[in-house]
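Overview (structure and organization)
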Amino acid sequence: MTRFSAFELFRQGLSGQAGWKPQWRSPEPKAAYDAVIIGGGGHGLGAAYYLASQHGLRNIAVIEKGWLGGGNTGRNTTIIRSNYLFPESAGLYNHSVKLWETLSQELNYNVMFSQRGVMMLAHTVHDVQVFQRHVHANRAAGVDNDWLTPEEAKAYCPPLNISDNMRYPVLGAALQRRGGTARHDAVAWGYARAADRLGVDILENCEVTGIVRNAQGAVEAVETTRGRIRTPKVGVSAAGHTSVVLGMAGVRLPLESFPLQALVSEPVKPVFPCVVMSNTIHAYISQSDKGELVIGAGTDIYTSYTQRGGLHISQHTLEAICELFPQFRRMRMLRNWGGIVDVTPDRSPIVGKTPVPGLYVNCGWGTGGFKATPGAAHTLAWTIAKDEPHPINAPFTLERFRDGFLIDEAAAAAVAH
Amino acid sequence: MLLITCPYCGPRPEIEFAHGGEAHIARPQDPSSLGVEDWTEFLYMRANPKGVHAERWRHLHGCARFFNALRDTTTDQFVATYKTGEPRPDLTAVTA
């Protein structure tokens, strides 16, 4: 596999950039693997990469029913931040941000991580109090977060409308400067390429249809549309379909799957310097490197697996965007789409073991899983390899619902990501 | 936007409704005798099926009453709506 570098780019340029080869193999499934990851998004491919690079498991496979990064990895609004309220969350999300900071170098693949700052707007007295509490909690937990006045917020993001005649005027903002965005496809492709180089088999167009357990109840094999694959360990990173996949092993989960919509505008020159989110009026916006404004909304109100939602949800979001940024009123929207997000009762993920020996799960990321891709993948790989939780994902067990140790991030995570 | 048939008011647009989660989860008759696993099941575990789902809806901006619905989560199509307290319609009987 060719290592990417400026010199290699120049060398390929001499032959018209026509010499590039596919960046990962398309192998036939083997009869058996030491571990199998279900789900070829960033989380699953990342787990395979860390299993291979940090835990020495090379005989592993990633099974994807469609194409790599075709689920929520390719459908989200790519926002990365770690300004969650509770110490457990700060540990997990900040672990991710730290991994993001060196990910391009580690994978030798430019994931275009841009720490342009994530600004969360406060529109009511309650917002102000909650966000200031977040700022203090974050700083105590070692997560950067600053409180801005409306004038400071406008200085950081000049398109912002801070006039006081809005329906929900901006009363202040919390700014995490280390937050930002990354290129979503590149995350899946970068992990896939790096994992493939370490010997991981990536099996696309291969849907899991069953999980086979032995007499002791432990995982023995997975049935797929490309045949039975024997394996003692299965990690599931199937996002909105996790309930379906774990149902094959008889495991019930505290998950409900909702459609979450996003949309992009026509591409324009750089007009938007950072990420702005407003939980109160349900909108978040940034500008991609292609120039499109990337806009996200809240979830639809009903559970669904359709990967689409009602247009009135997008309309509601655009009304908020147009009020916050009046200059975008005449922008045309190019595309909108939906992804299926698995939401837990406390809006925190489940990463770890299941009641079935050899079966591990990484789910419940709800509306904000992209930001956690490296951290979730890294800790899941640890748990699969050692059959015990990493200290960072230890609080995020399935048993916390039974034992009453919820990590209730609804205030930080219920609406926007 | 979905068109939802309230069993009391007839077909109305989705924005008049609130979604109430999975239907037919009865509160335990004798809560104090319930074990921790059963409480977990009652409070948190959900079917989340890919296919026909029994769920509660509330006609919030209409009659404000709760009712139940069968909806296919792969198409969002409503199969049936019925009043709270009525048993889940037997779909095999409907199609036969």
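Residues numbered from 1 in each chain as written. Chains lettered and ligands numbered in written order. Predicted model: local features only at pLDDT ≥ 70, side-chain atom pairs only at ≥ 80, totals over all residues. Heavy atoms only, no water.

Helices and strands together make up the secondary structure of chain A, namely 11 helices and 19 strands. When its C-alpha atoms are laid out on the principal axes, chain A stretches across 65 × 65 × 40 Å. Taking all 417 residues of chain A together, 59% fall into the buried category. Here the analysis covers contacts within chain A between residues at least 6 apart in sequence; of these, 75% occur between residues at least 24 apart. In the form shown here, chain A has an accessible surface area of approximately 16,100 Å², with 54% of it arising from carbon and sulfur atoms. Counting 39 positive and 35 negative side-chain charges, chain A places the centres of these two groups 5 Å from one another. (Helix = DSSP H or I, 4+ residues; strand = E, 2+ residues; numbered from the N terminus. Buried < 20%, exposed > 50% of the residue type's maximum accessible area, 1.4 Å probe, protein only. Contact = heavy atoms within 4.5 Å. Areas by Shrake-Rupley, 256 points an atom, 1.4 Å probe, with all protein chains shown as cover. Lys, Arg positive; Asp, Glu negative; His and termini not counted. Charge placed at Lys NZ, Arg CZ, Asp CG, Glu CD.)

The strands making up a sheet associate through hydrogen bonds between their backbones, and the pairing can be parallel or antiparallel. Residues and elements named next belong to chain A. Taken together, three strands build an open sheet; the order of strands is 9-10-11 and the sheet is antiparallel. Pairing within the sheet leaves two strands with one partner each, and these edge strands are strand 9 (208-213) and strand 11 (227-230). For this sheet, the mean angle separating the axes of adjacent strands, direction not counted, is 20°. Taken together, the four bridges between strand 10 (residues 219-224) and strand 11 define a ladder with antiparallel strand orientation. (Pairing = 2+ DSSP bridges. Axes fitted to C-alpha atoms, helices over the stretch in contact; angles between N-to-C directions.)

All names here are of chain B. Positive phi values are uncommon outside glycine, yet A64 reaches one of about 65°. Its place among the elements puts A64 in the loop between strand 4 (52-58) and strand 5 (66-72). Residue classification places A64 among the partly exposed residues on the basis of a relative accessible area of 31%. Look at D76: it is not a glycine, yet its phi comes out positive at around 65°.

Another aspect to go through is the nonpolar core. Nonpolar side chains in soluble globular proteins tend to end up buried together. Residue and element names in this part refer to chain A. Formed by 47 residues in total, the largest nonpolar core has its most connected members in L45, Y50, W100 and Y191. Those elements giving two or more residues to this core turn out to be strand 1 (35-38), helix 2 (42-54), strand 2 (60-63), helix 3 (87-107), helix 6 (184-197) and helix 9 (373-386). With residues near it in sequence (within four places) discarded, L45 still touches G39, G40, V62, L68, A188, Y191, A192, A195 and I202. The next biggest cluster of nonpolar side chains, apart from the first, holds 30 residues, and it includes L203, A249, I350 and V356. (Core = buried A, V, L, I, M, F, W, Y, C linked by side-chain atoms within 4.5 Å.)

Bringing a nonpolar patch on the surface into the picture now. Residue and element names in this part refer to chain A. Together, F7, F10 and L14 make up an exposed nonpolar region whose accessible area comes to about 410 Å². Relative to the helices and strands, L14 resides in the loop between helix 1 (6-13) and strand 1. What makes L14 exposed here is its relative accessible area of 67%. (Patch = residues over 30% accessible without salt bridge, like charges linked within 9 Å, V, L, I, M, F, W, Y side chains within 5 Å. Salt bridge = Lys/Arg side-chain N within 4 Å of Asp/Glu carboxyl O.)

With that settled, consider helix 2 of chain A. All names here are of chain A. Between its first and last C-alpha atoms helix 2 spans 17 Å; for 13 residues at 1.5 Å apiece the expected length is 18 Å, and the two agree. Most of helix 2 sits out of view: 11 of its 13 residues are buried. Phi turns positive one or two residues past the end of helix 2, at G56, with a value near 70°. (Expected span 1.5 Å × (residues − 1).)

This part takes up the interface of chain B and chain A. Listed per partner, the contact involves 28 residues of chain B and 25 residues of chain A. Approximately 2,200 Å² of surface area, both sides summed, lies buried where chain B meets chain A, with 53% of it carried by carbon and sulfur atoms. At the boundary of chain B and chain A, one finds two salt bridges. With its nearest N and O atoms 3.6 Å apart, the salt bridge here joins B:E37 to A:R402. For the side of chain B that touches chain A, the secondary structure elements donating two or more residues are strand 3 (18-22), helix 1 (36-43) and strand 4 of chain B. In the side of chain B that touches chain A, the residues fall into 11 nonpolar, eight polar and nine charged. (Buried area = accessible area lost by both parts, 1.4 Å probe. Nonpolar A, V, L, I, M, F, W, Y, C, P; charged D, E, K, R; others polar.)

Okay, the state of the cysteines next. Going through the model one piece at a time under the given rule, you end up with zero disulfides over all chains. B:C9 forms no disulfide, and the closest cysteine sulfur to it belongs to B:C63, at a distance of 3.6 Å. (Disulfide = S-S within 2.5 Å.)

Going through the model one piece at a time under the given rule, you end up with 18 aromatic pairs over all chains. The residue whose ring lies beneath A:R193 is A:F4, and the NZ or CZ to ring-centre distance is 3.8 Å. (Phe/Tyr/Trp six-rings, centres within 6.5 Å; stacked < 30°, edge-to-face > 60°. Lys NZ or Arg CZ within 6 Å of the ring centre and 35° of its normal.)

Next up on the list: the side chain of A:N362. All names here are of chain A. With respect to the helices, strands and loops of the structure, N362 is situated in strand 19 (residues 359-363). A distance of 3.2 Å separates a polar atom in the side chain of N362 from a polar atom in the side chain of S237. If near-sequence neighbours (up to four positions away) are discounted, N362 is found in contact with H43, V236, S237, I350, V351, A376 and L380. (Polar contact = N/O pair within 3.5 Å; in protein donor to acceptor, adjacent residues only side chain to side chain.)

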